[in-house]
Amino acid sequence: MGIIERRERLRKQVRNDILKTARDIAREEGWQAVSIRKIAEVIEYSPPILYEYFDNKDKLLETIRNEGFAYLHEELLKLKTLYRSPEKLITEFAQIQWRFMVTQMEVFQVMFNMEGGICQSKQAYQIEFAMLNNHPIWEALALIRPRSADAVSKTFYEWWCLTYGFLVVTGVTQTRHTLPNFEPVFMESVRRFVRGLA
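What counts, and at which threshold
Residues numbered from 1 in each chain as written. Predicted model: local features only at pLDDT ≥ 70, side-chain atom pairs only at ≥ 80, totals over all residues. Heavy atoms only, no water. Buried < 20%, exposed > 50% of the residue type's maximum accessible area, 1.4 Å probe, protein only. Helix = DSSP H or I, 4+ residues; strand = E, 2+ residues; numbered from the N terminus. Arc of directions from axis to C-beta. Contact = heavy atoms within 4.5 Å. Salt bridge = Lys/Arg side-chain N within 4 Å of Asp/Glu carboxyl O.

Which parts of the structure should I look at to understand helix α2 (residues 36-43)?
Quick reminder: α-helices carry 3.6 residues per turn. Residues three or four places apart thus point the same way. Within the sequence span of α2, burial applies to Ile36, Ile39, Ala40 and Ile43. Buried positions in α2, seen along its axis, are confined to an arc of 100° and lie on one side of it. Opposite the packed face of α2, turned more than 90 degrees from it, sit the exposed residues Arg37 and Glu41. Against α1 (3-29), α3 (47-51) and α4 (57-82) lie the buried residues of α2. At the exit of α2 stands Glu44, carrying a positive phi of roughly 60°.

When you look at the pattern of salt bridges in this model, what are you seeing that I'm missing?
Close approach of charged atoms allows side chains with opposite charge to pair. Applying the stated rule across the entire model yields 11 salt bridges. A salt bridge links Arg27 to Asp24; the nearest nitrogen and oxygen atoms lie 3.0 Å apart. Highlighted residues: Arg27 and Asp24, both in helix α1, separated by 3 residues, approximately one helical turn. Residue classification places Arg27 among the partly exposed positions, given a relative accessible area of 41%. For Asp24, a relative accessible area of 25% gives the class partly exposed. One salt bridge in this structure joins Lys80 and Glu139, with 2.9 Å as the shortest N-O distance. You can see Lys80 sitting in helix α4 and its partner Glu139 sitting in helix α8 (residues 136-144), a full 59 residues away along the chain. Residue Lys80 is classed as partly exposed on the basis of its relative accessible area, which comes to 40%. The class of Glu139 is partly exposed, set by a relative accessible area of 24%. What you see here is one network of salt bridges that share partners, running through Lys20, Asp24, Arg27 and Glu106.

See below:
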């Protein structure tokens, strides 16, 4: 391996360490406790080195938000290869959304500006809605209820608000111990939504 490749691998490793450490601190102490200086202390780098990767905390949070949506997208694309039924795709993805919120709450908080994980950028949301016609959920909704693209887009927005809205409200109002009680409620809400499309 050449010097350039080794340098690039090291750069990726440091970047991943920064992101992982930020998430770890947030999981233990909350997003208010996360700062470039604190991350630098934990990974034993000087703050100026961290600024070479992220200009500020907002840029760091934007990256975490984008990675959260990218992860969910990858999972959704995997589901698309497994299920032909659009109804099944939507309900199975809801299960993944739930598990993601429960197991990666600190990332979910940044994705939706919860609990001090405030990120000013709206880029991830804009990307999500810009790719409507290629979004597997949009396509599934169009198969269940074939209508004009505009009408399907409105239904997609309803689905987005239902699923992520439910998860955000539950994440804010419930403790980790009580979360399991709300999974059946969430899944039934999604199933009712899907049944209402027919």
